[in-house]
Amino acid sequence: MKETHPATPSTPSVGLGMRKFVAPEVVFGAGSRRLAGRYARNFGAERALLVTDPGVTAAGWAREVEQVLEEAEVPYSRFSAVSPNPRADEMMAGAEHYSANGCDVIIAVGGGSVIDCAKGIGIVSSNRRNVLELQGVDKVTQPMPPLVCVPTTGGTSADVSQFVIVTDVELRTKVAIISKSVVPDVSLVDPETLTTMDAFLTACTGIDAIVHAVEAYVSNAHSPLTDLHALEAIRLIYPNLAACLRDPGDVALRAPVMLGSLEAGLAFSNASLGAVHAMAHSLGGYLDLPHGECNTMLLRHVAAFNFDSASDRYEQIGLAMGLDMRGMGQTHKQAAILNAIESLRADMGITATLKSRGVSRGDVSALAEQALRDACLVTNPRWPNRRDLEVIYEEAL
Ligand SMILES: [Fe+2]
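A brief structural summary. In this text the structure is predicted, and so the values were computed from the model without any measurement.

Next up on the list: the coordination of the iron ion. At 2.1 to 2.3 Å from the iron ion lie its protein donor atoms, namely Asp208 (OD), His212 (NE2), His277 (NE2) and His291 (NE2). Metal-centred angles of 85 to 169° between the four donor atoms at the iron ion mark the site as irregular. Taken in chain order, the donor set of the iron ion reads D-x3-H-x64-H-x13-H. One end of the pair is Asp208 and the other is His212, both in helix H6 (residues 199-218) and four residues apart, which spans about a single turn. Take Asp208 and His212: they sit in the same class, and that class is buried.

Now the structure itself:
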C-alpha cells in the first residue's frame, strides 16, 4: 500500500527588518496572585509599596496580597488614592508616599489605572522629575524600582506593556510614556481575579484587549512574534467574552479571556497601537470616560477607515474571529468583519454613542487636534489627516 504523507504546510514569509520583543517574567494561572510575597522577598524588599484602588480593595484582592506579604515577612505601606484615569498629581503623591515610607519595591494590585499609577510612581522615584516631563518615547533614563503586578482586569495589559498613560488634568488629555524601562519585572496573571468584575467593566476591558490585538496586528511595526500573539488573543477572547457576562463567577470562562488579554498585551507592547487608541486617549482625557468604552465606540469607524490599507490583515482578523468568508468578495468581507465588531459591542451591552456620553459636534475639532499628537497614531496603517479624524469622530457621534 502506498504511504501517504500530510501536505507540507507552506512557510510564511519572514521580513528581514529588525524588531525587538520585550516581556516581563509572567506566571499565569489560578492562585498566581499568592506568589506576590515570595517575589517581593526575592527582590530583597525592606518595605513594599502596595498600590491599589478603592474598587479592588472592596473586592478583597488587596487584602489578600497584604496577607501573603505578611506571611513572607515583608513590611508594606498601602497607597490607594488612584482614579480610574490616573492623574499626574496622583503619581507624584504616590512617589512622595514611596519615599516618605522608605519603600524599595512596588506591588501593584488592580487594573490598568492602578498599574499605570504604580509605574508612574516608580519612574518618578528613580528619575526625580515630574511624570509629565517623561512623556514621549524613550525619555526615561533611570530604571524604576522592582515592580510586581497582579492585574485584576482582563484587558489593559499594563502589567506587561512598555506604556504608561497619564491624565494631564490641566490640558484635559492623556499622554503616553513609552519606554522599555516601564516594563514590570513580574506579572502574576491570575484569572480568578476577574470573577469580581461587573458586566460593564468586563465588557470595557475585554473589548479593549481585542482592540489591542487588532491594532497590533495591523500596526506598521508588527512582527512575526507580535502577529502570533495578536491573532491568538482574538481567537481566545472573541468567542468567550460574552459568556463571561452570563456566568461571571466561572473561572473556566474567565481564563481564556485573561490569557488572551495577556497575549494581546505582549503584541501591542511590542508592535504599538493605532488610531483607535490615539483617538480614545484624546476622548478619555477630555471627558474622563472609561478607556475601554472610548475604544469600543471608535473601533468600527477606524477599522472602516483603515480597511483598504490593510485588507489582508483585517481578513486574518475576521478568520481569527471565526467568520466563514469563503466565496466572498472584498466588499462583503469588509462588511462581515465590521458587523462582527459591531455585534460584539451589542452583545456586551455597550450601546453608548459619543453624543450620549456628552460629546458634541463642537468638541470634534479639539479632540482631533489632540489625537493627531498622540504617539499611537504613528503606527496606524493609514495616515489620517486632521479632517479624517474629525470625520471619524463625527461618524461615532
Ligand atoms: Fe487600551
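This part is about the sheet that holds strand E7 (residues 163-168). Two strands in a sheet stick together by hydrogen bonds in their backbones, pointing the same way (parallel) or opposite ways (antiparallel). With mixed pairing, three strands are arranged side by side in an open sheet as E5-E8-E7. Both outer strands of the open sheet, strand E5 (136-137) and E7, are each paired with one neighbouring strand and no more. Here E5 runs beside strand E8 (residues 173-178); their pairing, made up of two bridges, is parallel. Among the inter-strand pairings, Gly136 is bridged to a residue of E8, identified as Ile177.

With that settled, the discussion passes to empty space enclosed by the protein. According to the stated counting rule, one finds three cavities of 30 Å³ or more in the structure shown. Only helix H11 (291-306) and helix H13 (330-347) provide two or more residues apiece to the lining of the largest cavity. Here the residues of the lining of the largest cavity are counted per class, giving four nonpolar, one polar and two charged.

Taken together, six strands build an open sheet; the order of strands is E1-E9-E6-E4-E2-E3 and the sheet is parallel. One side of each edge strand has no neighbouring strand; the edge strands of this open sheet are strand E1 (25-28) and strand E3 (76-79). Strand-to-strand twist of the sheet, defined as the mean angle between neighbouring strand axes without regard to direction, takes the value 15°. When E1 meets strand E9 (residues 186-189), the two strands line up parallel, connected through four bridges. By the bridge assignment, Glu25 is partnered in E9 with Val186. Strand contacts of helix H3 (residues 61-71): strand E2 (48-51), E3, strand E4 (105-110) and strand E6 (147-151), with the helix running at about 165° to E3, the strand carrying the most contacts.

With that out of the way, let us pick up the pairing of E8. Burial analysis of E8 places six of its six residues in the buried class, the great majority of the element. Summarising the sheet, E7 and E8 pair through six bridges and their orientation is antiparallel. Bridge pairing links Val166 to Val175 in E8. Taken together, E7 and the strand that follows it, E8, pair antiparallel across an intervening segment of four residues, in which Arg172 is found at a positive phi of about 50°.

About the criteria used
- Residues numbered from 1 in each chain as written.
- Predicted model: local features only at pLDDT ≥ 70, side-chain atom pairs only at ≥ 80, totals over all residues.
- Heavy atoms only, no water.
- Donors = N, O, S within 2.8 Å, 3.2 Å for Na, K, Ca; no water.
- Tetrahedral: all angles 85-135°; square planar, octahedral: opposite > 155°, others 65-115°.
- Helix = DSSP H or I, 4+ residues; strand = E, 2+ residues; numbered from the N terminus.
- Buried < 20%, exposed > 50% of the residue type's maximum accessible area, 1.4 Å probe, protein only.
- Pairing = 2+ DSSP bridges.
- 1 Å grid on protein atoms, 1.4 Å probe; cavity = no way out; pocket = protein on both sides within 12 Å on 5 of 7 lines; lining within 4 Å.
- Points joined across faces, edges and corners; volume = space filled by probe spheres on them.
- Nonpolar A, V, L, I, M, F, W, Y, C, P; charged D, E, K, R; others polar.
- Axes fitted to C-alpha atoms, helices over the stretch in contact; angles between N-to-C directions.
- Contact = heavy atoms within 4.5 Å.

All quantities given are derived from atomic positions and should not be read as evidence of function.
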